[in-house]
Amino acid sequence: MRISVFGLGYVGVVTAACLSRDGHTVIGVDNQQVKVDIVNDGKTPVVEDHVGELIAAGVASGRLKATTDALEAVRESDMSLVCVGTPSRRNGSLDTDAVVRVCEEIGAAIARKNAPHKVVIRSTVLPGTMRGVVIPALREKAGHVEGLTIGNNPEFLREASAVYDYDNPPKIVVGAETPEGAREIAEIYKHIEAPSFLTSVDTAELVKYADNAWHAVKVAFGNEIGNIAKAVGVDSHEVMSIFCSDEKLNISPRYLMPGFAFGGSCLPKDVRALTYKGRDLDLELPLLNSVIRSNEEQIARAFETIMSYGKRKISVFGISFKAGTDDLRESPQVELVEKLLGKGMDIRIYDRFVNFARLYGANRDYILNRIPHISSLLIDDFDAVLAHGDVVIIGNNAPEFEVLPDRVGPRQRIYDLVRLKGIEIAREGYEGVNW
């Protein structure tokens, strides 16, 4: 393919070098003449293993050159990759001025070229930037040119191993306005073996931020555990080596899918105990100290949303913190129901495991004596509970609740805390806690 790469900084140079190596004809574009001259001399403007030799080979073969002329670059290519910087402003907001400026230049060049063209944003941009800024800027400047495909293709390159990461990415993510557009853009990576995800531009934007925020959280988490370990005389690396060996729960998708707050007899108790130990050791643990507060905020968020419906009659299906258990200790569903009761809501609850425990189980004393106001709301009649509520809250993912979307009436709303399997999230009268 013929590809122009706008922005000869770290990401742009690595991308251009690897694309030319893979046999594409590549034009690098930058408004700094010095960078253009360096590339045209067969050298690299960034320090990165293997990039220098790739650029030298690309220039020598005639597959790679650089220019300051955006019109020339667009005219001589079929796809433009935007790799300009998006630095932080002083207030922490993202500076997308360079992205907008380059998109306007590319759009104007496409209008003069008057031929199909693909524009792909590799720069890291926040969700909403593509639809709110990039796409409008490109289409306004390009005019009514047919065949303009616009996409988002976040990069996952680490400094000092960028060429290896380009060839061995953890995943390939391409977002576009249409599935066909995403497939066309992804063609440049067809020789790379990696999980490939063709999605919307909005999802592609947020994936990059989810990745980097998670990496930052991991560093902060490891450091805070390390600080505790040092204070109590334990080898922090041994602790975390054992921790990381668990790929079933710790290093896995477990606990990472968005949903409601955590609860039960372990997580709240142990987080509190660990943060108390930190205070006892005079350690500042801002990440761990904020975990319980974040959990409480998720409960408050659900409560406020349900109250906004203006409905008084509420049916709750599943009040234990997890399906298949009668354990109500620190169940966030219980806390949510208590908040709703405090506002005078008329509530009925169906949970056959908890109802059984109220009559026979080991938790009978806890249910009858510690939360009697909840116990009195339990009804062992699925249909009666369903008929009661104007709002139907799905509290856990017990398989028997999967029929609820097909059973609710036209006057009823569903508020889902668990993303019930198979549910159509775009359906009218349905809302999830964070989807």
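Residues numbered from 1 in each chain as written. Predicted model: local features only at pLDDT ≥ 70, side-chain atom pairs only at ≥ 80, totals over all residues. Heavy atoms only, no water.

Looking at an unreviewed UniProt entry, the protein carries the name UDP-glucose 6-dehydrogenase, with the source organism given as Stappia sediminis. According to the UniProt record, the Catalytic activity (unreviewed entry) comment for the protein is "UDP-alpha-D-glucose + 2 NAD(+) + H2O = UDP-alpha-D-glucuronate + 2 NADH + 3 H(+)". Annotation of the protein in UniProt includes, under Pathway (unreviewed entry), the sentence "Nucleotide-sugar biosynthesis; UDP-alpha-D-glucuronate biosynthesis; UDP-alpha-D-glucuronate from UDP-alpha-D-glucose: step 1/1." (UniProt positions renumbered as here; feature names shortened; annotations may be inferred.)

(A) Region of interest: the packing of helix α6 (residues 129-142) against helix α9 (residues 201-232). In contact at an axis separation of 9 Å, α6 and α9 are set at 115° when each is read in the N-to-C sense. Classified by the interaxial angle, the pair formed by α6 and α9 is roughly perpendicular. On α9, the residues that touch Thr129, Met130 and Arg131 of α6 are Val201, Asp202 and Glu205. Broken down by class, the residue content of the contact of α6 with α9 amounts to two nonpolar, one polar and three charged. (Axes fitted to C-alpha atoms, helices over the stretch in contact; angles between N-to-C directions. Helix = DSSP H or I, 4+ residues; strand = E, 2+ residues; numbered from the N terminus. Parallel < 35°, antiparallel > 145°, perpendicular 65-115°, else oblique. Contact = heavy atoms within 4.5 Å. Nonpolar A, V, L, I, M, F, W, Y, C, P; charged D, E, K, R; others polar.)

(B) Inspection of the nonpolar core at higher detail. Ile3, Val5, Leu19, Val51, Ile55, Leu81 and Tyr166 are the most contacted members of the largest nonpolar core, which totals 37 residues. Tallying contributions element by element places helix α1 (residues 10-21) first for this core, with eight residues. If we skip the residues at most four places from it in the chain, Val5 touches Gly12, Ala16, Leu19, Val26, Ile27, Gly28, Val29, Leu81 and Cys83. Listed in part, the 30 residues of the second largest apolar core include Ile306, Tyr309, Met345 and Ile371. (Core = buried A, V, L, I, M, F, W, Y, C linked by side-chain atoms within 4.5 Å. Buried < 20%, exposed > 50% of the residue type's maximum accessible area, 1.4 Å probe, protein only.)

(C) A look at the UniProt feature "binding site: substrate" (unreviewed entry) in the protein. On the UniProt side, "binding site: substrate" (unreviewed entry) is annotated at positions that read Phe156, Leu157, Arg158, Glu159, Lys208, Tyr255, Leu256, Met257, Pro258, Gly259, Gly263 and Lys322 here. Annotated residues spanning 167 residues; largest pairwise C-alpha distance 41.7 Å, indicating distribution over more than one region. Narrowing the list just given to those that line the largest cavity leaves Phe156 and Leu157. By the secondary structure assignment, Arg158 is in the loop between β6 (148-152) and α7 (162-167). Arg158 gets classed as exposed once you look at its relative accessible area, which sits at 51%. Tracing the backbone shows Lys322 in the loop between β9 (313-317) and α13 (332-342). A residue is classified by how much of its surface remains accessible, and Lys322, at 49% relative accessible area, is partly exposed. (1 Å grid on protein atoms, 1.4 Å probe; cavity = no way out; pocket = protein on both sides within 12 Å on 5 of 7 lines; lining within 4 Å.)

(D) Region of interest: a nonpolar patch on the surface. The grouping of Trp214, Val217 and Leu256 at the surface amounts to a nonpolar patch, some 260 Å² of accessible area in total. Looking at the element boundaries, Leu256 is found in the loop between α10 (236-245) and α11 (267-280). (Patch = residues over 30% accessible without salt bridge, like charges linked within 9 Å, V, L, I, M, F, W, Y side chains within 5 Å. Areas by Shrake-Rupley, 256 points an atom, 1.4 Å probe, with all protein chains shown as cover. Salt bridge = Lys/Arg side-chain N within 4 Å of Asp/Glu carboxyl O.)

(E) Broad picture of unusual backbone geometry. The phi angle at His50 is positive, at roughly 75°, despite the residue not being glycine. Within the fold, His50 resides in the loop between α2 (33-40) and α3 (51-61). Using a relative accessible area of 46% as the deciding quantity, one classes His50 as partly exposed. Positioned with a positive phi, Ala160 is a non-glycine residue whose angle comes to about 80°. By the secondary structure assignment, Ala160 is in the loop between β6 and α7.

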